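Read off the chains here:
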Amino acid sequence: MKAIVIGAGLGGLLSAARLSKAGYAVEVFERLPITGGRFTNLEYEGFQLSSGAFHMFPHGPGGPLARLLEEVGADVQIVRSGQTALRVPLKKGSTDYGAGFRDIPFYDFPALLSNKDRLKTAFLIASTRKNRPAGSTLQAWIKTQVKDEWLVRLADSFCGWSLSLRSEEVPVEEVFEIIENLYRFGGPGVPMGGCKGVIDALEAVIAANGGIIRTKTEVSKILVENGKVTGVLVNGEEHEADQVISNIGHAATAGLCGEALSGEKYAGYLEMLETLQPSAGIKICLSAAEPLIGHSGVLLTPYAKRINGINEVTQVDPKLAPPGRHLTMSHQHVAPENVKDLEAEIELGLKDLKAIFPGKKYEVLLIQSYHDGWPVNRAASGTDPGNETPITGLYVVGDGAKGKGGIEVEGVALGVAATMKKILG
Amino acid sequence: MKINENCVGCGQCASFCKKGAIEVLGKARATDACIECGICAPYCPVRAIEVQV
Ligand SMILES: Cc1cc2nc3c(=O)[nH]c(=O)nc-3n(C[C@H](O)[C@H](O)[C@H](O)COP(=O)(O)OP(=O)(O)OC[C@H]3O[C@@H](n4cnc5c(N)ncnc54)[C@H](O)[C@@H]3O)c2cc1C
Ligand code: SF4
Ligand code: SF4
């Protein structure tokens, strides 16, 4: 059996590793000169920055991605991060960090509520595990339960950091699935060597299984006969395959199918694709001699104007920066209406950093923004349309087809695992 | 070398330019240090870099 994979991002390489392990002849085509897509290292002034991700697995060594890597035999060491911390103003009632702040552990968030709301929250934490709320956004649901703007701030910084969305954009069902996964798999972790540590390990598996990865090779068309995929077109040449796994999202995949998807039969699918919204974000990469965070946990910043959270990956792997330096990266969600004003959004982010790290010395290494064709997430969490397409033998993997409750690369892994089950049984 | 409207500002090109000739702020911009070598162009994930030949 022959499988062709379009795109050597994380989703494509995971699929290629799994299929080649199962005995498939696998060929991966990647348009860029490098593999890994939005999950690899970019070397910049001696630092291992990244093409996208924050060198972080949302569920660390216990999550779906770690599990899938182990299953395919990829040799990656994933180190669990320390406790996620919340930076909150010192004085109750202040809405910024100007007059001082303190950090509290994430699980202590109810401590900032009134006694009554604290009791209510404790009750909700217990009861919602059995009776999951549904049918609204996270923010709308919170507002029906507890009238305290702190919880909305907290929800926004958490959703902004982990999904690059606002709490009013995320279905409450998706959030409770995520919370359940946090109980199940635990919090984040950092792969040694950063994102590229994972990509290198996957490539080694694919090579050992006889799979082939071709970079600088773009797929220009997906070939379909009688509703079934037959291969792809590369540089005008036809390559036949029994299965085609596309790592480029549903919309771009449909684009490559061309007229094969025309006709009434496919109208519903194409209409659904129109509703998919990629999420946007800005990452600011900082270099500092003295640590800015000082621990390996994520620092969420609910009282910043734009920045949702920050991590310091050199607390886990010092090799991600030159000797004596730390690499600290902030993330901010960008609302769809602000994508046209990225410079203003970046300005607000830089201002936030001054307020979050007053008196600390750091340099801004690189500011990276992501939206539209190269986004944080191809399908906003909670809207993923699954891995199948109307074409037999053609599947979509990656962050345009994440599994339910899967934050970013964990969702990519869940989607790949589900696809492999469909193909391999 | 021209950077077109497709640019999202991801900075990928900047990490492959050996001349440090790209500044990124929401969008990439080539500085005077650019020698038009074209090395950066194929690394752009959204085909925003046009090299004149
Ligand atoms: C700023 C930012 C921060 C993030 N932080 C985190 C994080 O900390 N943790 C986390 O879990 N996730 C994070 N993510 C999300 C994560 O990076 C992505 O979800 C993941 O990398 C997506 O992988 P993918 O395989 O779906 O797609 P991609 O990485 O986009 O791979 C698709 C590949 O297909 C190639 N391609 C496209 N068209 C063609 C074609 N026609 N022919 C051949 N090849 C083609 C592309 O060049 C690309 O290499 C972050 C993303 C961003 C942008
Ligand atoms: S053309 Fe060459 S010098 Fe100019 S920005 Fe690109 S890589 Fe740098
Ligand atoms: S690689 Fe392309 S999209 Fe990214 S900053 Fe450079 S020109 Fe813009």
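Cut-offs and rules
- Residues numbered from 1 in each chain as written.
- Chains lettered and ligands numbered in written order.
- Predicted model: local features only at pLDDT ≥ 70, side-chain atom pairs only at ≥ 80, totals over all residues.
- Heavy atoms only, no water.
- Helix = DSSP H or I, 4+ residues; strand = E, 2+ residues; numbered from the N terminus.
- Buried < 20%, exposed > 50% of the residue type's maximum accessible area, 1.4 Å probe, protein only.
- Contact = heavy atoms within 4.5 Å.
- Salt bridge = Lys/Arg side-chain N within 4 Å of Asp/Glu carboxyl O.
- Polar contact = N/O pair within 3.5 Å; in protein donor to acceptor, adjacent residues only side chain to side chain.
- Nonpolar A, V, L, I, M, F, W, Y, C, P; charged D, E, K, R; others polar.
- Near = heavy atom within 4 Å.
- Areas by Shrake-Rupley, 256 points an atom, 1.4 Å probe, with all protein chains shown as cover.
- Domains from an automatic or database assignment.
- Buried area = accessible area lost by both parts, 1.4 Å probe.
- Expected span 1.5 Å × (residues − 1).
- Patch = residues over 30% accessible without salt bridge, like charges linked within 9 Å, V, L, I, M, F, W, Y side chains within 5 Å.
- Core = buried A, V, L, I, M, F, W, Y, C linked by side-chain atoms within 4.5 Å.

A.B. asks: Could you clarify how one ought to interpret the overall build of chain A in this entry?
C.D. replies: The number of helices and strands found in chain A is 11 helices and 19 strands. When its C-alpha atoms are laid out on the principal axes, chain A stretches across 65 × 50 × 40 Å. By the burial criterion, 58% of the 425 residues in chain A qualify as buried. Counting contacts in chain A only where the partners sit at least 6 residues apart, residues at least 24 apart contribute 69% of the total.

A.B. asks: Before we go on, may I ask you to explain the interface of chain A and chain B in this structure?
C.D. replies: Often, the extent of an interface is quoted as the loss of accessible area upon association of its parts. Facing 20 residues of chain A, the contacting portion of chain B comprises 18 residues. Connecting chain A to chain B are one salt bridge. Counting every contact that joins chain A to chain B gives seven residue pairs in polar contact (both at pLDDT 80 or more). Taken together, the elements giving at least two residues each to the side of chain A that touches chain B come down to strand S3 (41-44), helix H10 (342-356) and strand S18 (363-370) of chain A. For the side of chain A that touches chain B, the per-class residue count stands at 11 nonpolar, five polar and four charged.

A.B. asks: Would you mind showing me how to read the site of ligand 2 here?
C.D. replies: Within the structure, ligand 2 sits among Met1, Cys17, Lys19, Ile22, Cys34, Ile35, Glu36, Cys37, Gly38, Ile39 and Cys40 of chain B. For the shell around ligand 2, the residue count by class is eight nonpolar, one polar and two charged.

A.B. asks: How do you make sense of the site of ligand 1 when you look at a structure like this?
C.D. replies: Residue and element names in this part refer to chain A. Glu30, Arg38, Asn247, Asp399 and Val409 are the nearest of the 32 residues found near ligand 1. In the environment of ligand 1, an oxygen atom lies 2.7 Å from a nitrogen or oxygen atom belonging to the backbone of Arg38. The backbone of Asp399 places a nitrogen or oxygen atom 2.7 Å from an oxygen atom of ligand 1. Compared with its free state, where it exposes 1,000 Å², ligand 1 has 96% of that area covered by protein. Elements represented by at least two residues in the shell around ligand 1 include exactly helix H1 (10-21) and helix H11 (408-424). Across the shell around ligand 1, the residue classes break down as 16 nonpolar, nine polar and seven charged.

A.B. asks: Explanation requested: the side chain of Ser15 of chain A in the structure shown.
C.D. replies: All names here are of chain A. Note on placement: Ser15 falls in helix H1. You can call Ser15 buried: its relative accessible area is 0%. Filtering out sequence-adjacent residues up to four positions away, Ser15 remains in contact with Ile245, Val397, Val416 and Met420.

A.B. asks: How should the domain arrangement of chain A be read in this particular structure?
C.D. replies: Residues and elements named next belong to chain A. In terms of domain boundaries, chain A breaks down into domain 1 (2-40 + 60-77 + 193-276 + 379-424) and domain 2 (107-185). One C-alpha centre belongs to domain 1, the other to domain 2; they are set 32 Å apart. The partner domain 2 presents nine residues to the 12 residues of domain 1 that form the contact. Taken together, both faces of the contact between domain 1 and domain 2 bury some 1,000 Å²; the carbon and sulfur share is 61%. Per-residue buried area on domain 1 facing domain 2 is highest for Ser381, Gly405 and Ile407; these three make up 47% of the total on that side. Where domain 1 touches domain 2, the interface holds one salt bridge.

A.B. asks: Can you help me understand the pattern of salt bridges in this one?
C.D. replies: Two side chains of opposite charge can pair, provided their charged atoms sit close to one another. All names here are of chain A. For the structure on display, the rule yields 21 salt bridges over all chains. Arg87 is the partner of Asp103 in a salt bridge, and the nearest nitrogen-oxygen pair spans 2.8 Å. In this pair, Asp103 is assigned in strand S7 (residues 101-105) and Arg87 in strand S6 (residues 85-89), connecting sequence segments 16 residues apart. Classification of Arg87 as buried rests on a relative accessible area of 7%. Measuring nitrogen to oxygen at the nearest pair gives 3.6 Å for the salt bridge that ties Glu363 to Arg325.

A.B. asks: Help me understand helix H6 (residues 172-185) of chain A in this model?
C.D. replies: One turn of the α-helix equals 3.6 residues, which is why residues spaced by three or four share an orientation. Residue and element names in this part refer to chain A. Taking 1.5 Å per residue, 14 residues should reach 20 Å; H6 reaches 20 Å between its end C-alpha atoms and fits that length. Of all the residues in H6, the buried ones are Val172, Glu174, Val175, Phe176, Glu177, Ile178, Glu180, Asn181 and Phe185. Contacts from the buried residues of H6 go to helix H2 (64-72), strand S5 (78-80), helix H4 (138-145) and helix H5 (149-163). A positive phi of about 85° marks Gly186, the residue just after H6.

A.B. asks: What is the right way to look at a nonpolar patch on the surface in this model?
C.D. replies: Residues and elements named next belong to chain A. A grouping of Ile125, Ile179 and Tyr183 is seen on the molecular surface, where their side chains present a nonpolar patch of about 250 Å² in accessible area. Residue position: Ile179 is located in helix H6. Using a relative accessible area of 30% as the deciding quantity, one classes Ile179 as partly exposed.

A.B. asks: For this particular structure, what's the right way to read the nonpolar core?
C.D. replies: If you look at soluble globular proteins, the nonpolar side chains tend to sit buried side by side. Of all hydrophobic cores here, the largest spans 87 residues; its most connected members are Trp150 and Leu327 of chain A together with Ile22 of chain B. Per-element accounting of this core gives the leading share, nine residues, to H5 of chain A. Once residues lying within four places of it in the same chain are set aside, the contact partners of Ile22 of chain B are Met1, Cys13, Ala14, Cys17, Ala28, Arg29 and Cys40 of chain B. Counting 39 residues, the second largest nonpolar core, distinct from the first, contains Leu19, Ala66, Leu68 and Val205 of chain A.

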